[in-house]
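# Observations on the model geometry
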Amino acid sequence: SKGLLVFNNYKTQKSKVLYINEENYKKLFKKMVARIKNGLELSETKDEDVYFSIMENLKFENKQDIYDIINFINKNKIEVLVLDSFRRFFLGEENDAGLINNIFNILKVIRTYCKDITIIILHHAKKDSPGNTQDIRDMLRGSSDIVNSADSVIGIKRKHGKNLLTIEHVKNRAGEEQIGKVIQIDSGE
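Figured I'd write up the structure that's included with this text. (Residues numbered from 1 in each chain as written. Predicted model: local features only at pLDDT ≥ 70, side-chain atom pairs only at ≥ 80, totals over all residues. Heavy atoms only, no water.)

This paragraph deals with the packing of aromatic side chains. The tally for this structure, following the rule as stated, stands at seven aromatic pairs. When the centroid spacing of 5.3 Å and the interplanar angle of 75 degrees are considered together, the rings of Phe29 and Phe52 count as edge-to-face. With Phe29 in helix H1 (residues 26-39) and Phe52 in strand S2 (residues 50-54), this pair connects stretches of sequence that are 23 residues apart. Under the relative-accessibility criterion, Phe29 is labelled buried at 3%. Where Phe60 meets Phe89, the ring centres are 5.4 Å apart and the plane angle is 25 degrees; that geometry is what we call stacked. Here Phe60, found in the loop between S2 and helix H2 (63-75), pairs with Phe89, found in the loop between strand S3 (80-84) and helix H3 (97-113); they are 29 residues apart in sequence, far enough to count as distant. For the pair shown, Phe60 and Phe89 are each scored as buried. (Phe/Tyr/Trp six-rings, centres within 6.5 Å; stacked < 30°, edge-to-face > 60°. Helix = DSSP H or I, 4+ residues; strand = E, 2+ residues; numbered from the N terminus. Buried < 20%, exposed > 50% of the residue type's maximum accessible area, 1.4 Å probe, protein only.)

Per the stated rule, a full pass over the model turns up five salt bridges. Glu23 serves as the salt-bridge partner of Arg88, at 3.1 Å between the closest nitrogen and oxygen. Remark: Glu23 occurs in the loop between strand S1 (17-21) and H1 and Arg88 occurs in the loop between S3 and H3; sequence separation between them is 65 residues. When the shortest N-O distance is used, the salt bridge between Arg173 and Asp151 registers 2.9 Å. Here Arg173 is found in the loop between strand S6 (164-172) and strand S7 (181-184), whereas its partner Asp151 is found in the loop between helix H5 (145-149) and strand S5 (152-159), with 22 residues between them in sequence. When its relative accessible area of 49% is taken as the criterion, Arg173 is described as partly exposed. (Salt bridge = Lys/Arg side-chain N within 4 Å of Asp/Glu carboxyl O.)

Structure below.
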């Protein structure tokens, strides 16, 4: 929303953002946002280009929810939609390829009615065991249609006990994947 560099290295485009959080309760989510703002040295600034929806039980199967999201995006000229986390936005089993296909068709409807929107979906991996070097595509929870339907997949894995993140560009439908990176975080919070 600020157009700042990601990891002090990668350019971004200043955009209005709608962050829909169905994963974390309000108090925890506020703490997360405060930590992020503190880390970016934005603690004192109010960001009028970020809108939040927290734990409103939005479901892709509910046409009214989709209609409301589309209207909000268009009314507020939102350019980036963040959905946290994928599993919380639908009923049924995430291993059901037919259901996942329907969910991605609903996301296509949102893209159709909200021109040029970028949709970022946070999704979890299966629990990892120490020393596991399995392909991250196999580590994503649920149907393989989740990876197959996405235009781009970026895997982020935290190294327990260290301030390191491993970032892997798993899939890029539009071109070649970027080489993996290890990012060191220089402060705990």
